[in-house]
Amino acid sequence: MSDIPGQVQDIEALIKLQEAETEIVRLKTILEKSEKEKNKLGAKLRQFSTALEESKESFSKAAEVCRDLEREIQMIDDRIVKSNEKLRMVKTNKEYQLFLREVDDSKKRKDALESELIERLDEKEKIEKIVQESEKEFNLLDAQIDSEQKDIDKKTIEDREMLAEYLERQAKIGKTLEPSLMNRFNKISKMNQGLAVVNVKNEVCMGCFMNIPPQLYIEVQRGKSLISCPQCSRILYHIKK
Ligand SMILES: [Zn+2]
């Protein structure tokens, strides 16, 4: 069946509805693309931010290692002081040898820890420089991406305003049509990327570019009822010249 329930005078409204629908689809496509661009920029910034957080994490780990070493060195220093005190109070040679070795062992341990601390401090400093550089780069990138995103928003202001206008127009026209016809329009539009109402030229549907049967073409030309294309189901109209 090619007849669609609806009044033939509806075709004028349907054509206008189609104009709005076409614009809505076009504008939504543009705006979705812009939104994707913005998201892509946001993802780039987040990626950088994650790398920066990782650098900061390794810096705090390096700093902790240094603090632990410094603490241990301090403990050994205290131990050396105590051993030296004991050394002054010894009564036997055996005790003297024992505490002397204690001091000696502590000093050796301290030397080793101090060498390690120097290396670790050096490492910490290197990481700190990386963090500082990354922070600078991040701030630059953040500002750059923010301005790029704002540019995208600025460029789409007009499109967003137009979209709002066409949506309003679409709603207004929709109110003048029977809900069943509106449903039909929406269904066909969804199936056909937003093109539901098309012209017929020389027996060819301008939606699917297939020939329509001559009898149907005559009916479309007469414009007494709403006809849909047997191939693509789009609602057909014919502009009389
Ligand atoms: Zn068709």
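The written sequence of each chain sets the order in which its residues are numbered from 1. Per-residue local features of the predicted model are confined to residues with pLDDT of at least 70, and side-chain atom pairs are confined, for both listing and counting, to 80 or more; whole-chain, interface and lining totals are unaffected and use all residues.

A. Seen up close, the overall build of the protein chain. Only DSSP runs of H or I reaching four residues or more are called helices, and only runs of E reaching two or more are called strands; each is numbered from the N terminus. Within the protein chain, the secondary structure is distributed over four helices and five strands. Starting at the N terminus and ending at the C terminus, the protein chain contains elements arranged as β-α-α-α-β-β-α-β-β. To get the radius of gyration, use the C-alpha atoms; to get the globule rule, take the number of residues to the power 0.38 and multiply by 2.2 Å. For 241 residues, the compact-globule estimate of 2.2 N^0.38 gives 18 Å, and the protein chain exceeds it by more than 25% at 40 Å. Viewed in the frame of its principal axes, the protein chain has a C-alpha envelope of about 130 × 35 × 30 Å. Partly exposed residues are those whose C-beta has more than 12 but fewer than 20 other C-beta atoms within 10 Å; 20 or more makes a residue buried and 12 or fewer makes it exposed, with C-beta atoms placed from the backbone. Looking at the protein chain as a whole, 15% of its 241 residues are labelled buried. Two residues qualify as being in contact provided that their C-beta atoms, derived from the backbone, are within 7 Å of each other. Considering only contacts in the protein chain between residues 6 or more positions apart, those separated by 24 or more positions represent 73%.

B. Broad picture of the pairing of strand S2 (residues 197-201). Strand pairing follows a simple DSSP-based rule, namely that at least 2 bridges must link the two strands. In this sheet, strand S5 (residues 235-237) lies alongside S2 in parallel orientation, the contact comprising three bridges. Bridge pairing links Val197 to Ile235 in S5. Once S2 ends, the chain turns through two residues before running back antiparallel as strand S3 (residues 204-205), passing Asn202 with a positive phi of about 50 degrees.

C. Looking closely at the environment of Lys82. By the element assignment, Lys82 lies in helix H1 (residues 10-89). By C-beta crowding, Lys82 is classed as partly exposed, having 14 other C-beta atoms within 10 Å. Through-space distance from the C-alpha of Lys82 to that of Leu141 is 56 Å; in sequence the pair is 59 residues apart.

D. Highlighting unusual backbone geometry. Positive phi values are uncommon outside glycine, yet Gln193 reaches one of about 50 degrees. Its place among the elements puts Gln193 in the loop between helix H3 (179-191) and S2.

E. Seen up close, the nonpolar core. Take the buried Ala, Val, Leu, Ile, Met, Phe, Trp, Tyr and Cys residues, join any whose C-beta atoms are within 7 Å, and the set you get is a nonpolar core. Ranked by internal contacts, the top residues of the largest apolar core, which has 21 residues, are Leu14, Leu17, Phe185, Val197, Cys205, Ile235 and Leu236. The set of elements that each furnish at least two residues to this core consists of H1, H3, S2, strand S4 (226-228) and S5. The element that contributes the greatest number of residues to this core is H1, accounting for four residues. In this structure, Phe185 is in contact with Leu14, Leu17 and Ala196, ignoring residues within four places of it in sequence.

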